[in-house]
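# Analysis of the macromolecular model
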Amino acid sequence: DTGVSQDPRHKITKRGQNVTFRCDPISEHNRLYWYRQTLGQGPEFLTYFQNEAQLEKSRLLSDRFSAERPKGSFSTLEIQRTEQGDSAMYLCASSFGQGALNEQFFGPGTRLTVL
Amino acid sequence: AQSVTQLDSHVSVSEGTPVLLRCNYSSSYSPSLFWYVQHPNKGLQLLLKYTSAATLVKGINGFEAEFKKSETSFHLTKPSAHMSDAAEYFCVVTTNRDDKIIFGKGTRLHILP
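What you are looking at is a predicted structure, and each value in this text was computed from that prediction instead of being measured. (Residues numbered from 1 in each chain as written. Chains lettered and ligands numbered in written order. Predicted model: local features only at pLDDT ≥ 70, side-chain atom pairs only at ≥ 80, totals over all residues. Heavy atoms only, no water.)

## Some remarks on the overall build of chain A
In terms of regular secondary structure, chain A is built from zero helices and 11 strands. Written out in order from the N terminus, the α and β elements of chain A read β-β-β-β-β-β-β-β-β-β-β. Relative to the 2.2 N^0.38 estimate, which gives 13 Å for 115 residues, the radius of gyration of chain A is 13 Å and therefore close to what a compact globule would have. Along the longest, intermediate and shortest principal axes, the C-alpha atoms of chain A span 40 × 30 × 25 Å. Going through the 115 residues of chain A one by one, you find that 48% of them count as buried. Taking contacts inside chain A between residues at least 6 apart in sequence as the whole, the part at least 24 apart equals 55%. Taken as a whole, chain A presents about 5900 Å² of accessible surface, with 46% of it coming from carbon and sulfur. In chain A, which carries 14 positive and 13 negative side-chain charges, the distance between the mean positions of the two groups comes to 6 Å. (Helix = DSSP H or I, 4+ residues; strand = E, 2+ residues; numbered from the N terminus. Rg over C-alpha atoms; globule rule 2.2 N^0.38 Å. Buried < 20%, exposed > 50% of the residue type's maximum accessible area, 1.4 Å probe, protein only. Contact = heavy atoms within 4.5 Å. Areas by Shrake-Rupley, 256 points an atom, 1.4 Å probe, with all protein chains shown as cover. Lys, Arg positive; Asp, Glu negative; His and termini not counted. Charge placed at Lys NZ, Arg CZ, Asp CG, Glu CD.)

## A few points about the sheet that holds strand β7 (residues 65-68) of chain A
Residues and elements named next belong to chain A. Ordered in space as β1-β3-β8-β7, the four strands form an open sheet in which the pairing is antiparallel. The open sheet has two free edges, formed respectively by β1 (5-7) and β7, since each of these has just one partner strand. Averaged over all neighbouring strand pairs, the angle between strand axes comes to 15 degrees, with direction disregarded. Where strand β3 (residues 19-24) lies against strand β8 (residues 75-79), five bridges are found, and the strand directions are antiparallel. Paired with Thr-20 across the bridge in β8 is Glu-78. (Pairing = 2+ DSSP bridges. Axes fitted to C-alpha atoms, helices over the stretch in contact; angles between N-to-C directions.)

## Things to note about the pairing of strand β9 (residues 73-78) of chain B
Residue and element names in this part refer to chain B. Examined bridge by bridge, strand β3 (residues 19-21) and β9 share three bridges and lie antiparallel to one another. Bridging across to β9, Val-19 finds its partner in Lys-78. Bridge count for strand β8 (residues 64-68) against β9 is five bridges, and the pairing is antiparallel. Bridged to Lys-68 within β9 is Ser-73. Hairpin connection from β8 to β9: four residues lie between these consecutive antiparallel strands, with Thr-72 at a positive phi of about 45 degrees.

Written out as structure tokens, the structure is:
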């Protein structure tokens, strides 16, 4: 399967713990996006990378959140000191090209539950 | 700044009847508009997109949408619903000025047998 993959698919953690999610984009895609989706809502943009450069961060991305894409391939999203409000589906998407007008290919998501 | 409003959170239609999912947008610049579909336990998939070319856009699975600037709308339609169309549909707006991508809250489409 050459689509976007995310790991893990599900994560249950206790409040205050740190978690890290991984996204592997489609191999030739230079853009990688992270979104958060809560129940009954559409995906909310968190951040994106153009190759290894992080070009935009939403105000939703508090200082407890950090994302990296060290070699312009896979990306990680870390949440430190998790809170119950962080419970959501975290989606990764990738695309090829320079702008936001290109089709994004989404992964299946990582569902985070913070107890 | 841009925003997108999906006017119905749930739509139910009978199999074989037309589908209409409504989307209105607001944008300071010329928008690009997309419809994505999310089937249960599957990733979001692009149905179609408008990027300032033809205002009537045809997508996959028989869906189409028409960009109407005067009405700031981009409604999604399909002439005849199929059971496999049951899913969540998202309208998305962006521009090539700031790369901000805004999703609507989604419309859940139910198909009645």
